[in-house]
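Residues per chain are reported as follows:
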Amino acid sequence: MQIPAKQVSEPEPPAPEQPRTSRWFTRRSLLGKKPSEQSGNSFHPPVSNVGLYKATFYSNIGSFLFGIAVGWSGAAERSVMQGHSYDFQPSEDEWNGVCILLTLGAAVWCVPIGFLTRCCGCKRTILIQLVPNTLGWLLTVFAKSIPMLYAGRFVLGMCGGAHCVVVPIYNSEISPIRKRGAMGVLFQGACICGVIYSFMMSIVLELWIINFMNLGLLTLGLLQILMPESPAYYVERGNIPRAEASLRFLRGAKYDPRREIDHLMRTPTRIEHDVRQGPLRGFKYKKIRRSLARALELAVLQKMCGALIFIFYGPNMLGCLRIRREHGAFLALAVATGFLICFFLVDRVGRRPLLIISSAFIFFASVFLGLYFKVWVTMDYAILPWIAFFFIGLFVGSYTAGVGSLTWLLNAEMIVRLMRPVACSIICACNWLTAFFVVFWFTFHDIKCQPYLFLLFAIIAIIIMLFTLVYIPETKGLTSAKIQQRMGRIMNRPAPITITSSSDSSNT
């Protein structure tokens, strides 16, 4: 019997090898998709930031009004000292007191505002400041004596100190991580707009007209009623429907707030539990003390690096250079350019690079100005004063692009959320108390155009640069927990992640 031959199946031809680029593209595209996009079972509508921009604008109206108050002294000095604006004519020492009391009022009112923010929330605290703001401008506009003008400036300073505490906290809590930097630096931008407004109006209008215009601008504060309260404030008090409504205002009507609400309602760590019992109990933890110390040192250095002299005594600086007051518009342009650089780069480049580059430019500008007032001021070259004027613009623009704007942002970012009202109030109080002593010392020593003054500014700029390199972490795109983790290592390298709960409550 013939045995049939065993049938051997021919092997299937191998599938053509997929190109390397195609496989990489497929894997890359799958990894890049969100889980909802991969499954196709759910759809998340795009987030709208219109509400976020509105809330940030409303919250910074008070910052703009405070900037007007800060710039008022430099803009009104010539008119008031010549007796054209009031029934009295202050002496030079009395006018110095008018400038100084604004900073003292800001320092005094910061700490109470921190506790008020903790109890009443950011929105109510901002709205309450309309009362002292109106009172301060009424006392300033209708002043009949020097003490009345003193009182008006002190009250305006109180209102400004309150905004320095509460507005950065509010902007940090309502902003998503990707836009937290740009929204945070808008506080400084609003103050800058107020200072520039005061200076520009003083060139074209009489002071009494400017004063009544400032009173009229107070009505803008009524728009703050439209801003929502921070969602975190509602979650802390168990009012979840209000928190969801606030998030839908900030992120869009179609936004699903459940994930963000769940994050705010997570199980509190030991530190958060203690802080909820009392804000002062948080200071027993090393993490909070470390964050407070670093933010505090940066805030003090911000006021010592020299920008206050250009703000309060800008016309005197122009007089030293024999440059007309009207050319000060160049300084306003430099400040605005510096802020725009910070606004557009803070969430792209990061905080640390801007701080380092800003302090470096402040150092070089200070060195040149010191050499000018020491060596070149007596030389009969018409171009030299204009070169010095350019370096003053470089100084103020660099300050705004980094140190001046980012300090307020980092105050809120480096502090854990529940400790922000109290800790930021302490930081801002020390910031404005430093400003008080700096302006007081500069005023009564009359060294505004001396070379040694700019040498001091150069030294402080170097200290800011080194302090940033060693102690200030990069906070771009990081949550509060990751920021605290980065502050725990030398040169701000990330600390190893631990699984145990002791990492959140260590007191060592």
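Preceding block: the structure.
Predicted, not measured: the structure shown is a model, and the values here were computed from it.

Draft legend 1. Fine view of the overall build of the protein chain. For the protein chain, the count of helices and strands is 25 helices and zero strands. When each of the 508 residues of the protein chain is scored for burial, the buried share is 52%. Contacts in the protein chain between residues at least 24 apart in sequence constitute 79% of all its contacts with a sequence separation of at least 6.

Draft legend 2. Main features of helix H12 (residues 240–251). With 12 residues, H12 should cover 16 Å at 1.5 Å per step; its first-to-last C-alpha distance of 16 Å lies within 8% of that length. Of the positions making up H12, those classed as buried are Ala243, Ser246, Leu247, Leu250 and Arg251. Looking straight down H12, one finds its buried side chains confined to an arc of 115°; they lie on one side. Buried residues along H12 sit in contact with helix H3 (50–59), helix H8 (146–174), helix H11 (231–236) and helix H13 (258–264).

Draft legend 3. Structural view of helix H18 (residues 329–345). For H18, which comprises 17 residues, the first-to-last C-alpha distance of 24 Å matches the rise-based estimate of 24 Å (1.5 Å per residue) to within 8%. Where H18 is concerned, the buried positions are Leu331, Ala332, Ala334, Val335, Gly338, Phe339 and Cys342. The arc that holds every buried residue of H18, seen down its axis, measures 160°, which confines them to one face.

Draft legend 4. Just the side chain of Ser246, in detail. Tracing the backbone shows Ser246 in helix H12. According to the relative accessible area criterion, Ser246 is buried, its value standing at 3%. When neighbours within four sequence positions are excluded, Ser246 is seen to be in contact with Pro228, Glu229, Ser230, Pro231 and Tyr234.

Draft legend 5. Geometry of the pattern of salt bridges. If you walk through the whole model with that rule in mind, you get seven salt bridges. The partner of Lys144 in a salt bridge is Asp87, with the nearest N and O atoms 3.9 Å apart. Here Lys144 is found in the loop between helix H7 (130–141) and H8, whereas its partner Asp87 is found in the loop between helix H4 (61–81) and helix H5 (92–120), with 57 residues between them in sequence. Across this residue pair, the class does not change: Lys144 and Asp87 are exposed. Asp347 is the partner of Arg351 in a salt bridge, and the nearest nitrogen-oxygen pair spans 3.3 Å. Look at the salt bridges and you will find they share partners, linking Arg180, Asp347, Arg351 and Glu413 into a network.

Draft legend 6. Fine view of the side chain of Glu173. Here Glu173 lies in helix H8. Nearest to the buried, unbridged Glu173 among oppositely charged side chains is Arg420, at 4.4 Å. Ignoring anything within four residues of it in the chain, the contact list for Glu173 reads Ser230, Ala232, Arg417 and Arg420.

Draft legend 7. A nonpolar patch on the surface, seen in detail. Taken together, the side chains of Val367, Leu371, Val375, Met379, Tyr381, Ile383 and Trp386 make up a nonpolar region of the molecular surface, amounting to roughly 640 Å² of accessible area. When contributions to the nonpolar patch are tallied by element, the ones reaching two or more residues are helix H19 (351–376) and helix H20 (383–401). Mapped onto the elements of the fold, Leu371 is located in helix H19.

Draft legend 8. Structural detail: the environment of Ala295. Counting through the fold element by element, Ala295 comes out in helix H15 (residues 286–304). Considering only alpha carbons, one finds Ala295 and Ile427, 132 residues apart in sequence, at a separation of 7.0 Å. When residues no more than four places from it in sequence are discounted, the contact partners of Ala295 are Asn411, Met414 and Ile427.

Draft legend 9. Representation of the packing of aromatic side chains. In this structure the tally under the stated criterion is 22 aromatic pairs. Aromatic side chains Phe66 and Trp432 sit 5.6 Å apart centroid to centroid with 80° between the ring planes, which places their arrangement in the edge-to-face category. Note that Phe66 is positioned in helix H4 and Trp432 in helix H22 (residues 420–445), a separation of 366 residues in sequence. In this pair, the class of Phe66 matches that of Trp432, namely buried. An aromatic cluster is built from Tyr372, Phe373, Phe395, Phe454 and Phe457, whose rings are joined through pairwise contacts.

Draft legend 10. Examining the packing of H19 against helix H21 (residues 403–413) more closely. For the pair H19 and H21, interaxial distance at closest approach is 10 Å and the crossing angle is 145°. The chirality of how H19 crosses H21 is left-handed. Across from Arg351, Leu354, Leu355, Ser358 and Ile362 in H19, the residues of H21 making contact are Val403, Leu406, Leu409, Leu410 and Glu413. Residues of the contact of H19 with H21, tallied by class, amount to seven nonpolar, one polar and two charged.

Draft legend 11. Region of the structure containing the packing of H15 against H21. Where H15 meets H21, the closest approach of the two axes is 10 Å, and the angle between their N-to-C directions is 155°. Taken together, the axis directions place H15 and H21 in an arrangement best described as roughly antiparallel. Once H15 is placed against H21, the crossing between them reads as left-handed. Residues Ala295, Leu298, Ala299, Gln302 and Lys303 of H15 lie in contact with H21, whose contacting residues are Val403, Gly404, Thr407, Trp408, Leu410 and Asn411.

Draft legend 12. Representation of the state of the cysteines in the model. What the rule picks out here adds up to zero disulfides. In this model Cys164 remains outside any disulfide bridge; the closest cysteine sulfur is found in Cys428, 5.6 Å from its own. We note that Cys191 lacks a disulfide partner, and the nearest cysteine sulfur, in Cys164, lies 6.0 Å from it.

Draft legend 13. A look at the nonpolar core. Counting residues in hydrophobic clusters, the biggest one holds 129 residues, and the most contacted among them are Trp72, Trp137 and Trp432. Residues in contact with Trp432, not counting those within four places in the same chain, are Phe66, Thr103, Ala106, Ala107, Cys110, Cys164, Lys303 and Trp408. Counting nine residues, the second-largest nonpolar core is a separate cluster that includes Tyr234, Val235, Ala243 and Ile261.

What counts and what doesn't
- Residues numbered from 1 in each chain as written.
- Predicted model: local features only at pLDDT ≥ 70, side-chain atom pairs only at ≥ 80, totals over all residues.
- Heavy atoms only, no water.
- Helix = DSSP H or I, 4+ residues; strand = E, 2+ residues; numbered from the N terminus.
- Buried < 20%, exposed > 50% of the residue type's maximum accessible area, 1.4 Å probe, protein only.
- Contact = heavy atoms within 4.5 Å.
- Expected span 1.5 Å × (residues − 1).
- Arc of directions from axis to C-beta.
- Salt bridge = Lys/Arg side-chain N within 4 Å of Asp/Glu carboxyl O.
- Lys, Arg positive; Asp, Glu negative; His and termini not counted.
- Patch = residues over 30% accessible without salt bridge, like charges linked within 9 Å, V, L, I, M, F, W, Y side chains within 5 Å.
- Areas by Shrake-Rupley, 256 points an atom, 1.4 Å probe, with all protein chains shown as cover.
- Phe/Tyr/Trp six-rings, centres within 6.5 Å; stacked < 30°, edge-to-face > 60°.
- Axes fitted to C-alpha atoms, helices over the stretch in contact; angles between N-to-C directions.
- Left-handed = near helix turned anticlockwise from the far one by under 90°.
- Nonpolar A, V, L, I, M, F, W, Y, C, P; charged D, E, K, R; others polar.
- Parallel < 35°, antiparallel > 145°, perpendicular 65-115°, else oblique.
- Disulfide = S-S within 2.5 Å.
- Core = buried A, V, L, I, M, F, W, Y, C linked by side-chain atoms within 4.5 Å.

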